[in-house]
Amino acid sequence: QQREMVRSHLESIVTQCDAFPQGTRVVVFGSSANGFGSPSSDLDMCLQLPPQTTLQNDEDKTGALAMAKLAELLEKGGMQNVDTGRLTARIPIIMFNCARPLATEGENPLMECDLSMQNPLAVLNTSLLLAYSRIHPVTRVLASIIKRWARARDINNPSKHTLSSYGYIIMLIHFLTYHRRTGTGTVTTVANPSGSNNTNAGTVIPLLPNLQWMDPNWLQSPLGTPYQELPQLPTNVIQHPLEPTAVVNTYFYHVADHASLNSLQQKFPSHDLSLSILLASFFRYYAYQFDFKRHVVSMHSTKGHGLVEREVKAEQHLWKVYSTTLAVEDPFETFYDVAHVLNGGNFHRLRNELALAYTKIVEAASGMGEPKSGMELIDWICEPVEHEDNS
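Everything quoted here is computed from the prediction, not taken from an experiment.

A. Geometry of the sheet that holds strand 3 (residues 80-86). What the 5 strands build is an open sheet, ordered 1-2-5-4-3; its pairing is mixed. Here the strands that pair on one side only, and so sit at the sheet edges, are strand 1 (25-29) and strand 3. Between one strand axis and the next, the sheet turns by 25° as a mean value, whatever way the strands run. Here strand 1 runs beside strand 2 (residues 43-48); their pairing, made up of 5 bridges, is antiparallel. Among the inter-strand pairings, phenylalanine 29 is bridged to a residue of strand 2, identified as aspartate 44.

See below:
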């Protein structure tokens, strides 16, 4: 409710700016809207111009001049600490703080906000992640634990050459869409350990559907019908907002209504999934099983096509083929490595942290040490890392 009140207030300010066409909207994207955020998440927003319209100034190619005018109105409208230092970026951004409506005692009275020019890819990406978060609550719970763990262990800061929260969400969705039940309470990959395709693919149902590759017709079939994926990815191409010569395929199955969501929830139930087993399996998969030298973490890995090979990414997009660090493919901008900020030393630290988290869960499950409740185990896994005092 607070975020919607802020968004609505900003949209009313935008309507007062003559640099933008009438009907320009303010749209929320990112963690505030994708189902994987927290109450403390920053509020990321972008402007959405009406179809077939442009800025009033035809020479304002990036929108920086229009955004500068808007920044002045934001200050007059009560926004605090308005920062226009990133108006020269390829997608101009205004950063500011907004008084939090209906703030409660002890709550930060200011909300950190970013407002950028049109960013259709970010909005579509938010819709894709939101669809995954809505299918069953296990995904959201796992994401919150993994993000808490990464922050506590100091491996969640791109400015320090560690992975972003977005990168961890992609790792989680890859894990859930690329694993299946074994029938004995544990999980395993949907394809062969080598990453090649599974010859009995139709009998395998992943924990979470791959919304870019699942056959929509299968979703309407009776329960028990063998799972089906599309033989090739359909196309829904848009112009890349930053690369004039590039286009991006943004196709995915949109969860358009309650009927679609109910069908997904029936075909992919979560009542029998053990949170502790899934969390342990996630840490084990990336600490010991995933071959970072050969493969790329990708939401385009499927039971039919197997894992995405590094060699393929090197041929298509000139990625480093002999790199020993983590590579994470963006689901739409498949040429972009979300983990490019990660250096070799921090990659090895990440793998050590993954292994340590897995070891803690195994120790607790085997009865070693004092018995721990579920929350005590999570607190133990997410124990803040101790830094050496160099003073």
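B. Examining helix 7 (residues 258-267) more closely. Within helix 7 the residues assigned to the buried category are Ser260, Leu261, Ser263, Leu264 and Lys267. Buried residues along helix 7 cover an arc of 160° about the axis, so they all sit on one side. With respect to the buried face of helix 7, the exposed residues turned more than 90 degrees away are His258 and Gln266. Looking at the buried residues of helix 7, the elements they touch are helix 3 (120-135) and helix 6 (216-219). The residue sitting at the N-terminus of helix 7 and contributing the capping side-chain oxygen is aspartate 257; that oxygen lies 3.3 Å from the backbone nitrogen of alanine 259.

C. Local environment of the pairing of strand 4 (residues 93-99). Of all 7 residues that make up strand 4, 5 are buried, and the element is covered over most of its length. The turn linking strand 3 back onto strand 4 is made up of 6 residues. One ladder, built from 7 bridges, connects strand 4 with strand 5 (residues 110-116); its direction is antiparallel. Within the sheet, the bridge partner assigned to isoleucine 93 lies in strand 5 and is serine 116.

D. Representation of the pattern of salt bridges within the structure. Tallied over the entire structure, the rule returns 11 salt bridges. One salt bridge connects glutamate 4 with arginine 7, and the closest N-O pair in it is separated by 3.0 Å. Linking glutamate 4 with arginine 7, this pair stays in helix 1 (residues 2-14), spanning 3 residues, or about one helical turn. Residue class for arginine 7 comes out buried when judged on its relative accessible area of 11%. Connected via shared salt-bridge partners are Glu4, Arg7 and Glu11.

E. How the structure looks around the packing of helix 5 (residues 165-177) against helix 8 (residues 275-289). At their nearest, the axes of helix 5 and helix 8 sit 11 Å apart, and the two run at 105° to each other. As judged from the angle between their axes, helix 5 and helix 8 are roughly perpendicular. When helix 5 is examined against helix 8, the residues Met171, Leu172, His174 and Phe175 are found in contact with a partner set consisting of Leu278, Ser281, Phe282, Tyr285 and Tyr286.

Conventions used here
Residues numbered from 1 in each chain as written. Predicted model: local features only at pLDDT ≥ 70, side-chain atom pairs only at ≥ 80, totals over all residues. Heavy atoms only, no water. Pairing = 2+ DSSP bridges. Helix = DSSP H or I, 4+ residues; strand = E, 2+ residues; numbered from the N terminus. Axes fitted to C-alpha atoms, helices over the stretch in contact; angles between N-to-C directions. Buried < 20%, exposed > 50% of the residue type's maximum accessible area, 1.4 Å probe, protein only. Arc of directions from axis to C-beta. Contact = heavy atoms within 4.5 Å. Polar contact = N/O pair within 3.5 Å; in protein donor to acceptor, adjacent residues only side chain to side chain. Salt bridge = Lys/Arg side-chain N within 4 Å of Asp/Glu carboxyl O. Parallel < 35°, antiparallel > 145°, perpendicular 65-115°, else oblique.

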